[in-house]
Amino acid sequence: MAGSTEYEAGSAKKGATLFKTRCLQCHTIEKGGPNKVGPNLHGIFGRYSGQVEGFSYTDANIKKHVLWDEQNMSDYLTNPKKYIPGTKMAFGGLKKQKDKNDLITYMKSASE
């Protein structure tokens, strides 16, 4: 994706704090966690967008058919509405690559 910055492993501890302050309001990440305003994120890496059972996705999320890996997640978290036009995710994005790296590092460890 043009203009993307490459993902590098970051601090899971700092990422956990970011998840609590920026994501937890709408998402859970633990195994068996409920869907909230957004879907449960457990097992997100290696899964395609729009695939969590019991969550009502927009057609945009389903049709985008993104295979979530670290780089795609980093690109998405820069500006979710630009990456998947029509998504209902209201999050404005993370501008600092370090924040994205830390958050994704945490998400990987918490969602396996």
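Residues numbered from 1 in each chain as written. Predicted model: local features only at pLDDT ≥ 70, side-chain atom pairs only at ≥ 80, totals over all residues. Heavy atoms only, no water.

What about the nonpolar core?
Counting residues in hydrophobic clusters, the biggest one holds 21 residues, and the most contacted among them are F19, W68, M73, Y76, L77, L103 and M107. Going through the elements one at a time, helix 1 (12-22), helix 3 (70-78) and helix 5 (97-110) are the ones with two or more residues in this core. Of the residues forming this core, the biggest block, 4 residues, is contributed by helix 5. Residues in contact with M107, not counting those within four places in the same chain, are F19, I29, L41, I44, F45 and M73. (Core = buried A, V, L, I, M, F, W, Y, C linked by side-chain atoms within 4.5 Å. Buried < 20%, exposed > 50% of the residue type's maximum accessible area, 1.4 Å probe, protein only. Helix = DSSP H or I, 4+ residues; strand = E, 2+ residues; numbered from the N terminus. Contact = heavy atoms within 4.5 Å.)

Some words on the UniProt feature "domain: Cytochrome c" (unreviewed entry) in the chain
The residues that UniProt annotates with the feature "domain: Cytochrome c" (unreviewed entry) are residues 10-111. With 43% helix and 0% strand, the stretch residues 10-111 has end C-alpha atoms that lie 16 Å from each other. (UniProt positions renumbered as here; feature names shortened; annotations may be inferred.)

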